[in-house]
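Reading the structure
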Amino acid sequence: MKPFMKLFVILAVTAAGITAWSFLSRGSDNGEVSLEKLAPEHTKDSEKTAQLQTTTNSDSKIVALKKQASIRATEIANITGSNKDKSLTYEDNWCIASEDLLEDDEDYAASQLSEWQLSRGRAIARGGKLNELMDGLGHRTGEFPGVNDEYLIPYKEADRETLIRLGWDEDDKFALITIVKSPDIQMFDDQTKLEAAKRLVMLGDTAHGLNRLVIENMALANEAKRTKRGIPKKHVKQALAWVEFGMKRNDPGSLAVFMDFTNNFRDRLSGFNPDTELTHEDFADIEKMADQIYRDIDNARVDKGLPSFEDLEEPKVALTHYDKKVASFYLEYPSLMADGLFPASWKEKYFKKTPCVERHLARHDFLVSDLPAIKQQISALAKSEQ
């Protein structure tokens, strides 16, 4: 694959991930907003007022519709257990911070998520090629201001030698991210970016570095299929081994890269379809490969004086983040998640529909289907009274 085409693939996959994530991200800093804020207002006082007044048939229907929306919002919130008035603390069994947690605990959860994402290498520079791509796809640039951009600012104008020195000699994660995400194919060739990606993953990254390794192997599969040189399945299996490594580290994010290639296999993989080509035996191989990757990288960390993966304690917010990501896959790739692409062991271990996942799915359906329909009915009834 030519360098400029590979760059476009990387940007397109990033854009697809942002689009998929937007299904579940609304409003606040932690990407969530309470259903109570979105449902038409309905209170006992409004019911009493309606009952005291001489109302028309339309008025009573509007009241009933508002009540219907309120009841459904409560039912969805209760999928993960009854929780009234945002009464849970961070240490409780919560799912959606904006709907479940007390205000101080919601703020704490947001800070914990930010710290965890940063530890996993999630930093996206403001502006640049990604925003240009978003503009090209018809999205407003202002919607993509960057993520943890402030940590990347000091590296934006650094020269090649400085970034290499910081990344290779000092294990500077932000220098390595800058290298991996650099659009300048003259400054950093593919091999340099791959080496930077591997270093990032060793340092704990499950974002840009890991995504780059998955993209590289899927691109190699495409090349093997297109030129009829090599074995596409071998590269796809290697890509999935990296994906499973990420999931073993409690981050399924890189699966979006694989899913985007597979969902567009005729173009992205020259017709090679993982959905029909991969067998259960292949996934058994993939599991062994992922285990070996995990062991090798963990040993490399220990050799450098870094803590073993097993000694790292995951914050509670990482678990709710995982469920939210899994829900986004069921929404963005429904056919691939429902059919026989992944073995039952993966669906049980990595894609399980926990109550939190089910709640996210129900919440999405309510926000994009049920609630707009109710609001439309209310609007029509209100106009009929004018």
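Only a predicted model underlies this, so the values are computations on that prediction, with no experimental measurement involved.

A count of helical and extended segments in the protein gives 20 helices and 0 strands. Relative to its full complement of 386 residues, the protein shows a buried share of 48%. Restricting the contact set of the protein to residue pairs at least 6 apart, pairs at least 24 apart contribute 71%. Accessible surface for the protein amounts to roughly 19,300 Å². Of this, 50% is attributable to carbon and sulfur atoms.

Before going further, it helps to examine the packing of helix α8 (residues 160–169) against helix α9 (residues 173–181). As a packed pair, α8 and α9 sit with axes 8 Å apart at the nearest point and diverge in direction by 125°. Relative to α9, the element α8 is oriented oblique. In this structure, α8 meets α9 at a crossing whose hand is left-handed. Each of L163, I164, L166, G167 and W168 in α8 lies in contact with α9, whose residues at this interface are A175, L176, T178 and I179.

So, on to helix α10 (residues 190–202). Given a rise of 1.5 Å per residue, 13 residues ought to cover 18 Å, and the 18 Å separating the end C-alpha atoms of α10 matches this to within 8%. The complete set of buried residues in α10 reads T192, K193, L194, A196, A197, L200, V201 and M202. Contacts from the buried residues of α10 go to α8, α9, α11 (208–227), α12 (232–248) and α16 (280–303). Immediately beyond the C-terminal end of α10, within one or two residues, lies G204, with a positive phi of roughly 120°.

In total, this model carries 18 salt bridges according to the counting rule given. A salt bridge links K86 to E106, with the nearest nitrogen and oxygen atoms 3.0 Å apart. Note that K86 is positioned in the loop between α4 (57–77) and α5 (97–100) and E106 in helix α6 (residues 103–119), a separation of 20 residues in sequence. Overall, the relative accessible area of 23% leaves K86 in the partly exposed class.

One can find S328 in helix α17 (residues 316–332). Judged by relative accessible area, S328 falls into the buried class, the value being 1%. In terms of polar contacts, S328 uses its side chain to reach the backbone carbonyl oxygen of K325, at 2.5 Å.

With that out of the way, let us pick up the packing of aromatic side chains. Under the counting rule described, the total for this entry stands at 15 aromatic pairs. With 5.4 Å between their ring centres and 15° between their planes, Y151 and F174 make a pair best called stacked. With Y151 in the loop between α7 (128–136) and α8 and F174 in helix α9, this pair connects stretches of sequence that are 23 residues apart. Taking the relative accessible area as the measure of exposure, F174 reaches 19% and is therefore buried. Here a set of aromatic residues connected by ring pairs shows up, and it is made of F258, F283, F342, W346, Y350 and F351. Stacked on the ring of F261, the Lys or Arg R268 has its end atom at 5.7 Å from the ring centre. A cation sits over an aromatic face here: K353 above Y330, 4.6 Å from the ring centre.

In this section: the nonpolar core. The biggest cluster of nonpolar side chains holds 67 residues, and the ones touching the most others in it are L240, W242, F245, F258, F342, W346 and F351. With 8 residues, α12 is the largest single contributor of residues to this core. The contact partners of L240, leaving out residues within four places of it in the chain, are F258, L278, F283, I286 and W346. Core analysis: the next-biggest nonpolar cluster, separate from the first, contains 12 residues, A69, A362, F366 and I374 among them.

What follows deals with the packing of α12 against α16. Where α12 meets α16, the closest approach of the two axes is 8 Å, and the angle between their N-to-C directions is 55°. With respect to α16, the element α12 is oriented oblique. Classified by chirality, the crossing of α16 by α12 is right-handed. Within the contact between the two elements, α12 uses K233, K237, Q238, L240, A241, W242, E244, F245 and K248 and α16 uses D282, F283, D285, I286, E287, M289, A290, D291, I293, Y294 and I297. Considered class by class, the residues forming the contact of α12 with α16 number 11 nonpolar, 1 polar and 8 charged.

Parameters at a glance
Residues numbered from 1 in each chain as written. Predicted model: local features only at pLDDT ≥ 70, side-chain atom pairs only at ≥ 80, totals over all residues. Heavy atoms only, no water. Helix = DSSP H or I, 4+ residues; strand = E, 2+ residues; numbered from the N terminus. Buried < 20%, exposed > 50% of the residue type's maximum accessible area, 1.4 Å probe, protein only. Contact = heavy atoms within 4.5 Å. Areas by Shrake-Rupley, 256 points an atom, 1.4 Å probe, with all protein chains shown as cover. Axes fitted to C-alpha atoms, helices over the stretch in contact; angles between N-to-C directions. Parallel < 35°, antiparallel > 145°, perpendicular 65-115°, else oblique. Left-handed = near helix turned anticlockwise from the far one by under 90°. Expected span 1.5 Å × (residues − 1). Salt bridge = Lys/Arg side-chain N within 4 Å of Asp/Glu carboxyl O. Polar contact = N/O pair within 3.5 Å; in protein donor to acceptor, adjacent residues only side chain to side chain. Phe/Tyr/Trp six-rings, centres within 6.5 Å; stacked < 30°, edge-to-face > 60°. Lys NZ or Arg CZ within 6 Å of the ring centre and 35° of its normal. Core = buried A, V, L, I, M, F, W, Y, C linked by side-chain atoms within 4.5 Å. Nonpolar A, V, L, I, M, F, W, Y, C, P; charged D, E, K, R; others polar.

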